[in-house]
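# Residue-level structural notes
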Amino acid sequence: MTASLARRLVSRAGLWRRAVRSRPLHVLNPFNGETVAHIAEASDAAVAETVTRAREVQKGWRKAPLEERVAVLNNFSELLQTECDLLARTLTSQTGKPISQARAEVMATRQRIGYYVQHASEVLCTREAIPEAANKSVAEQVRYEPLGVVANVSAWNYPFFTSANVFAAALVTGSAVIFKPSEYAAVTGEQITQLMVEAGLPSPHLMALCQGGPSTGQALVQQKLDGVFFTGSNKVGQAIAQAAAPRLTRIQLELGGKDPAYVRHDADPTQAATSLADGAFYNSGQSCCSVERIYVHRDIAAPFIERFVEVVNAFKIGDPTDESTYIGPITRPQHLAFLESQVQDALSKGAEIKLQRELPANCFYKDAKGSLSSGYFPPTVLTGVNHSMGVMKDESFGPVIGIQVVDSDEEALQLLDDTTYGLTAGVYTRDQAAAIRILEELEVGTGYWNCCDRVVARVPWSGRRSSGVGSTLGIEGLRSFVLPKAFHLVRAKP
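Residues numbered from 1 in each chain as written. Predicted model: local features only at pLDDT ≥ 70, side-chain atom pairs only at ≥ 80, totals over all residues. Heavy atoms only, no water.

## Some remarks on the layout of surface pockets
A probe as big as a water molecule, rolled over the atoms, marks out the empty space that is left. Size it by volume and the largest pocket reaches roughly 1,000 Å³. Taken together, 38 residues make up the lining of the largest pocket; nearest its centre are Trp156, Phe230, Gly232, Ser233 and Val236. Every element with two or more residues in the lining of the largest pocket is listed here: α8 (214-221), β8 (227-231) and α9 (234-244). Counting residues per element, the lining of the largest pocket draws most heavily on α9, at 5 residues. (1 Å grid on protein atoms, 1.4 Å probe; cavity = no way out; pocket = protein on both sides within 12 Å on 5 of 7 lines; lining within 4 Å. Points joined across faces, edges and corners; volume = space filled by probe spheres on them. Helix = DSSP H or I, 4+ residues; strand = E, 2+ residues; numbered from the N terminus.)

Here is the structure:
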C-alpha cells in the first residue's frame, strides 16, 4: 500500500459522507466522553438509492468466478492483519473494549473469513439427484444461487465478528451487502468498507455502507431485500421480523441471551471458577454469550466462590488503551443505570454482594458541565440469589454475575431451563456423559462442556427461543446465503 489506512479514511470517507449527508451522528469515547468522530447519517432516500445500486451490480458479481470472489476476501483478510493495530485502536476508542481484546477480535475475524472461503464451493456446487450417467434420458439436479441483496445490521460489542459472519459469507457466495454498522462503532464500519474496496471489490456498491441509528435501520429493513441479518436486542429483532413479514423476506436474528453455567459436584472448583470468571467478565460482560448466571453444587460451592472472587478481584480495571487492562468501560453509558437497578433489586430481595470492585481514579473524567463522570460499572459478584431477581432472569450485558447454590442435577436443570432465552449453556464436570445428558435437555443453540463463551467458525452459531432464528458460521451458516433451484432435465426423443 502506498498510503496508510488513516490517510485513505480521510480522503474516501469524505466522498461517502457527502453522498449520504443528512442527520449528524456523533461517536463518543466511553472512557473519557470525548468525540471520536462526526458521521453523516443516511437519509431514507439515500438508503433506497443504495439498495437500488447494489441490486444493479450484484447481477455481475454473482456471475464472477468463485476464485475471483475468494481472492477479494483473502485480500481483505490480509489487510486485517496489516492494519490490525489501527483497527484495534479505533475500535477501543469507540466502544471502550480493552486494546488487547480489540486486537484479538480483529485477528480472529480472519479465521471466520478463512473458513468461508475454504468451504464456499461446498454450498455452491451442483448436486446430482439422478446423474445423467445413471439415466440417459432424465437428469435431476439441484443448483445453488446467491440470495441477492442482503442487509447486514451488525452490533457494537463485536463489530468485526458480527459483520464478517454475514458479509464474508454473502460476498463469497455472490450476494451484495448493505452494511449498517452500529452507531456506536460507526468508524469501524467505515474502515471495514474501505478495506473491502482496497481488497479489490469491483464496485463499492457490492459492500455499501449505510450509517445511522435506529431510523436508518428502520428505513433499510423497509426496502426490497432478499435477506436481513441482524445481531442485537430481542426488541429490535422482533421489530425487524415484523417489518420483513409482509414481503416474506428471509431473516436471521441473533438476539442475545441469559446464558447459564452449572458446576457439578465432581468438577474442579479452581478450574471452573477461573474459566467462568473470564466467561462472565471478558469485554466487561458485553458478549452475546457471556456467562450471566452460575449454579454451583453445594458440595463445592465454598471453594468455587472463593476462587471465583479471587480471579475477578485480580482483573485490572482502567484505561482501555493500556495493554494490561482487562475491564474497560460500558460502551453505552445509559446502560449503567440498568445494571445498578439489577444489583439493587437483588439486594432488596436478600442477595449479598460477595465482591464489588472499587473503580480506580483513571476511570473518571469531567464531563462538559464540569461534573465528575464515569463510563465504568464496578465488577460485581452476587450470592444468595434466586429467580425472583432480575439479575438471574433478564439479560444483564455487563460485569455483574449471580451465583446460586443447588443441591442436585435435577434442581440445576430446572433452573438452567427457567428462561425465555436459548443461546448457550455450559456444564462443568469430570463426567462427559452427565454433561451431555443435561445439555441435551436444554433448548439452546450451543452447549459447552468445561468451557464457555466460545465461538468458532467450524460449527453453526444459532439461538433458540427468544435468542433468535437462523444460523451463521459453519456449513449451516454458509447455506443461509444460498437458495436451491431444482432442475428436471429430460432429453428430447429422437
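## Examining empty space enclosed by the protein
One pass over the structure, following the stated rule, counts 2 cavities of 30 Å³ or more. By volume, the largest cavity is sized at about 70 Å³. Here the lining of the largest cavity is built from residues that sort into 7 nonpolar, 3 polar and 6 charged. Taken together, 13 residues make up the lining of the second largest cavity; nearest its centre are Pro260, Val291, Thr424, Tyr448 and Cys452. (Nonpolar A, V, L, I, M, F, W, Y, C, P; charged D, E, K, R; others polar.)

## Regarding the pairing of strand β11 (residues 293-297)
Burial runs high along β11: 5 of the 5 residues are buried. The side-chain alternation of β11 yields two buried faces, one formed by Arg293, Tyr295 and His297 and the other by Ile294 and Val296. Relative to β11, strand β10 (residues 260-263) runs parallel, the two sharing 4 bridges. The partner of tyrosine 262 across the bridge, within β11, is tyrosine 295. Read as a crossover between parallel neighbours, the route from β10 over helix α10 (residues 269-281) to β11 is right-handed. Examined bridge by bridge, β11 and strand β16 (residues 400-406) share 5 bridges and lie parallel to one another. Following the sheet pairing, isoleucine 294 is matched in β16 by isoleucine 403. (Buried < 20%, exposed > 50% of the residue type's maximum accessible area, 1.4 Å probe, protein only. Pairing = 2+ DSSP bridges. Right-handed = clockwise from strand over helix to strand, strands pointing away.)

## Quick word on the sheet that holds β10
Strand order in the open sheet formed by 7 strands is β12-β15-β16-β11-β10-β17-β18, and the pairing between neighbours is mixed. The sheet is open, and its two edges are formed by β12 (352-356) and β18 (446-449), each paired on a single side. Recorded for the sheet is a direction-independent mean angle of 20° between the axes of neighbouring strands. Those strands touched by helix α14 (residues 432-440) are β10, β17 (424-428) and β18, and its axis lies near 155° from that of β17. (Axes fitted to C-alpha atoms, helices over the stretch in contact; angles between N-to-C directions. Contact = heavy atoms within 4.5 Å.)

## Looking at the confidence of the model for the protein chain
The share of residues in the protein chain with pLDDT of 70 or more is 95%, and the mean pLDDT across the chain is 94. Low pLDDT (under 50) marks residues 10-21, which in the prediction has 23 contacts with non-local residues, meaning those over four places away or in another chain. (pLDDT = per-residue confidence, 0-100.)

## Side note on the packing of helix α4 (residues 84-95) against helix α5 (residues 99-124)
At their nearest, the axes of α4 and α5 sit 8 Å apart, and the two run at 125° to each other. Classified by the angle between their axes, α4 and α5 sit oblique to one another. Note on packing geometry: the crossing formed by α4 with α5 is right-handed. On α5, the residues that touch Cys84, Asp85, Leu87, Ala88, Arg89, Leu91 and Thr92 of α4 are Ile99, Ala102, Arg103, Glu105, Val106 and Met107. Across the contact of α4 with α5, the residue classes tally to 8 nonpolar, 1 polar and 4 charged. (Parallel < 35°, antiparallel > 145°, perpendicular 65-115°, else oblique. Left-handed = near helix turned anticlockwise from the far one by under 90°.)

## Focus: the packing of aromatic side chains
This model, assessed by the stated rule, comprises 11 aromatic pairs. Ring centres 4.4 Å apart and planes at 10° place the aromatic pair phenylalanine 229 and phenylalanine 481 in the stacked group. Taken together, the residues phenylalanine 229 in strand β8 and phenylalanine 481 in the loop between α15 (474-479) and β22 (482-490) connect sequence positions 252 residues apart. When sorted by exposure, phenylalanine 229 lands in the same class as phenylalanine 481, which is buried. Seen from their ring centres, phenylalanine 304 and phenylalanine 308 are 5.8 Å apart, and the 35° between their planes marks the pair as tilted. Of this pair, phenylalanine 304 and phenylalanine 308 both sit in helix α11 (residues 301-314), 4 residues apart, roughly one helical turn. The class of phenylalanine 308 is buried, set by a relative accessible area of 0%. These aromatic residues form a ring-pair network of at least three members: Phe281, Tyr282, Phe304, Phe308, Phe315 and Tyr326. The lysine or arginine in question, lysine 97, covers the ring of tyrosine 158, its NZ or CZ lying 3.6 Å from the ring centre. Lying across the ring of phenylalanine 487, arginine 143 places its NZ or CZ 4.8 Å from the centre. (Phe/Tyr/Trp six-rings, centres within 6.5 Å; stacked < 30°, edge-to-face > 60°. Lys NZ or Arg CZ within 6 Å of the ring centre and 35° of its normal.)

## Some details on the nonpolar core
Within the largest apolar cluster, 77 residues are counted, with the highest numbers of intra-cluster contacts made by Phe76, Phe167, Leu171, Ile178, Met196 and Met207. Residue contributions to this core peak at 10 residues, all from α5. Leaving out residues up to four positions away in the same chain, phenylalanine 76 has contacts with Ile113, Phe167, Ile192, Leu195, Met196 and Ala199. Among the nonpolar cores identified, the runner-up in size contains 34 residues, and Ala261, Phe281, Val312 and Phe315 belong to it. (Core = buried A, V, L, I, M, F, W, Y, C linked by side-chain atoms within 4.5 Å.)

## Quick look at unusual backbone geometry
With the exception of glycine, the majority of residues adopt a negative phi angle, and the majority of peptide bonds are in the trans configuration. A positive phi angle, close to 55°, is found at serine 284, a residue other than glycine. Note on placement: serine 284 falls in the loop between α10 and β11. One non-glycine residue, leucine 473, lies in the positive phi region at around 65°. Assignment of secondary structure puts leucine 473 in the loop between β21 (471-472) and α15.

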